[in-house]
Amino acid sequence: MTKLDKYSKISILWDVPSQLPWALGSSPRATGQRTHQKADRSVLDNRRILLIVSGGIAAVKVPDLIRRLRERGASVRCILTRAGAQFVTPLSLAALSGDKVYTELFSLTDESEMGHIRLSREADVVLVAPATADIMAKMAHGMADDLATTALLATDKPVIIAPSMNVMMWTHPATQANLATLQGRQITTVGPGAGDLACGEVGDGRMAEVPEIIAAVGRLLRKDNRNGPLARRRILVTSGPTYEPIDPVRYLANRSSGKQGHAIAAALANLGADVTLVSGPTHEPAPDGVTLIRVETAIDMLKAVRAGLPADVAVCAAAVADWGVSNPAPGKIKKGAKPPTLRLAPNPDILATLSQLSRGRPKLVVGFAAETNNLLKNAKAKRAAKGCDWIVANDVSPGTGAFGGDSNTVHLVTADGVEDWPTMRKQAVAERLAARIAEALSA
Ligand code: C5P
């Protein structure tokens, strides 16, 4: 098989435009669909979250929040305020968190089993969701008149709040002054967003959506991962396919799932790196704790990668289309008797561009070689031609399940030779590559 058809059938269809793989379905970007529930190992895995639920209508989103946090391997322990219990029951939170729900400051059993100090310390992060105007005011003024506010005053852990209230309450100078005080104390805020509010008014005050809250908690935990071997390292990762427009509704694409690139971004973030993931359209969920920049075309991917520099490391796992359409139609091409002829123009090679930067080249540039024949020979030639430091060579022959599947058999080609890795899940490949990167940077 030639290089032309490694990802799609474009090459053999060169002169038969009507057979081009025009993808007329909706893009994953547009639908935001998820194809699987269990995310790859998340920065939230094995982390303990103390979730304080105060009394706002957005408390109804808390059961889903708990479910999603636990899906990512986090354990969740809840404190429910008296007002919060008007919106969501302790029983439902206990069932979903799999833990006791704490409500009373002066509970003899709670204090003897788990004092409020211990409750606030036995967490990696404290999340207040929803955070009402009232609890924000109490936090800003150091009040401690119930279990939630006492735990917040006693904690030595990072705190993140997801405000939720009426727009007038949110924009009131008192709330804004309290917010400024809290932010001045390094308390992180997620949201609120604008939209229809439960009170019938419209404006700022809607609690951030669950995925947004989870991403913010992930970023906070990653920032807190100061002792990770990749702490303070900036790493750029490209992932997924690119979409090259033919007209406003059609595009040229390939079958890359983005699974391997996204897993690498997540694994690097788990080791404490500051990761920017530049991804073409995929169904993969955004990895927690990673800055995700969504792009469609190769040209936009290169722009986003350049904007992400300087970086210590770049890992180019994207299946960038080799060509874009040089004359995309401004309007939808009408189906006529004569099929249109597309002119293709070569796309920039992002890996080669990064590898050959004369100024600001990342210290370590890693590329991928997906091959079906002469894997190692081609991978070594690619490493030399592009000028990158490492190539992760993977066999994508039919039957290996590499393309779109969950496993990968790879060989790491470096200046020192070739390391053969056993067949592993893509997540394990990502973890091993992240560990090798950390090792290389510390050498
Ligand atoms: O040349 P080929 O596409 O086989 O090279 C694969 C490697 O180059 C991958 O790391 C891929 O991310 C990168 N690449 C790129 N920009 C291109 C083509 C490939 O970064 N236009």
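Residues numbered from 1 in each chain as written. Predicted model: local features only at pLDDT ≥ 70, side-chain atom pairs only at ≥ 80, totals over all residues.

> Describe the packing of helix α2 (residues 62-71) against helix α10 (residues 210-224), listing the residues and the values that go with them.
Between α2 and α10, the least distance of the axes is 10 Å, while the angle of their chain directions is 45°. Classified by the interaxial angle, the pair formed by α2 and α10 is oblique. In this structure, α2 crosses over α10, and the sense of that crossing is right-handed. For the pair α2 and α10, contact is made by D64, L65, R68 and L69 and by V210, I213 and I214, respectively. Classifying every residue of the contact of α2 with α10 by side-chain character gives five nonpolar, no polar and two charged. (Axes fitted to C-alpha atoms, helices over the stretch in contact; angles between N-to-C directions. Helix = DSSP H or I, 4+ residues; strand = E, 2+ residues; numbered from the N terminus. Parallel < 35°, antiparallel > 145°, perpendicular 65-115°, else oblique. Left-handed = near helix turned anticlockwise from the far one by under 90°. Contact = placed C-beta atoms within 7 Å. Nonpolar A, V, L, I, M, F, W, Y, C, P; charged D, E, K, R; others polar.)

> Break down the site of the ligand for me, with residues and values.
The environment of the ligand is made up of 14 residues, and the closest members are C316, V320, I350, L351 and G367. Where the shell around the ligand is concerned, the elements lending two or more residues are α13 (350-355) and β17 (364-371). With three residues, β17 is the single largest residue contributor to the shell around the ligand. (Near = placed C-beta within 6 Å.)

> Tell me about the environment of G272, residues and numbers included.
Structurally, the position occupied by G272 is in the loop between α11 (259-270) and β12 (274-279). The spatial distance from the C-alpha of G272 to the C-alpha of V43 is 9.1 Å, given a sequence separation of 229 residues.

> Describe the pairing of strand β9 (residues 234-239), and please don't skip the residues or the numbers.
Taken across its six residues, β9 has five buried, putting it largely inside the fold. Relative to β12, β9 is paired through six bridges, and the arrangement is parallel. Following the sheet pairing, I235 is matched in β12 by V275. Pairing between β9 and strand β14 (residues 313-316): four bridges, direction parallel. Bridging from a neighbouring strand, V237 pairs with V315 of β14. (Buried ≥ 20, exposed ≤ 12 C-beta atoms within 10 Å, placed from the backbone. Pairing = 2+ DSSP bridges.)

> So, the sheet that holds strand β5 (residues 159-163): which residues are in play, and what are the values?
Two pairing modes exist for strands in a sheet, parallel and antiparallel, and in both the strands are linked by backbone hydrogen bonds. On the basis of which strands lie adjacent, the open sheet formed by six strands has the order β3-β2-β1-β4-β5-β6 and parallel pairing. Lying at the two open borders of the sheet, with one neighbouring strand each, are β3 (101-102) and β6 (188-189). Here four bridges tie strand β1 (residues 48-53) to strand β4 (residues 125-131), and the two strands are oriented parallel to one another. Pairing of L51 across the sheet is with L127, part of β4.

> How would you summarise the packing of α11 against helix α15 (residues 426-442) if you had to cite specific residues and measurements?
It is the contact of α11 with α15, at a shortest axis distance of 8 Å, that shows an interaxial angle of 45°. Relative to α15, the element α11 lies oblique. Crossing angle aside, the handedness with which α11 passes α15 is right-handed. Counted together, K259, Q260, A263, I264, A266, A267 and L268 of α11 and K426, Q427, V429, A430, E431, L433 and A434 of α15 form the full contact between these two elements. Here the residues of the contact of α11 with α15 are counted per class, giving nine nonpolar, two polar and three charged.

> So, the pairing of β1: which residues are in play, and what are the values?
Most of β1 is tucked away, with five of its six residues classed as buried. Where β1 and strand β2 (residues 75-80) come together, six bridges link them in parallel fashion. Within β2, the position partnered with L50 by the bridge is R77. For the segment spanning β1, α2 and β2, crossover handedness is right-handed. (Right-handed = clockwise from strand over helix to strand, strands pointing away.)

> Which residues make up unusual backbone geometry, and what are the values?
Apart from glycine, the bulk of residues carry a negative phi angle, and the bulk of peptide bonds sit in the trans form. In this structure, P192 follows G191 across a cis peptide bond, with omega equal to 0°. Residue placement: P192 occurs in the loop between β6 and β7 (193-196). Residue P310 is bonded to the preceding L309 through a cis peptide linkage, with omega at 0°. Residue position: P310 is located in the loop between α12 (298-307) and β14. One non-glycine residue with positive phi stands out, namely Q186, at about 70°.

> Mind laying out α12, listing which residues take part and the relevant values?
Among all positions in α12, only A298, M301, L302 and V305 are buried. Seen along its axis, α12 keeps its buried residues to an arc of 100°; they face one direction. Buried-residue contacts for α12 involve β9, β12, β15 (323-325) and α13. (Arc of directions from axis to C-beta.)

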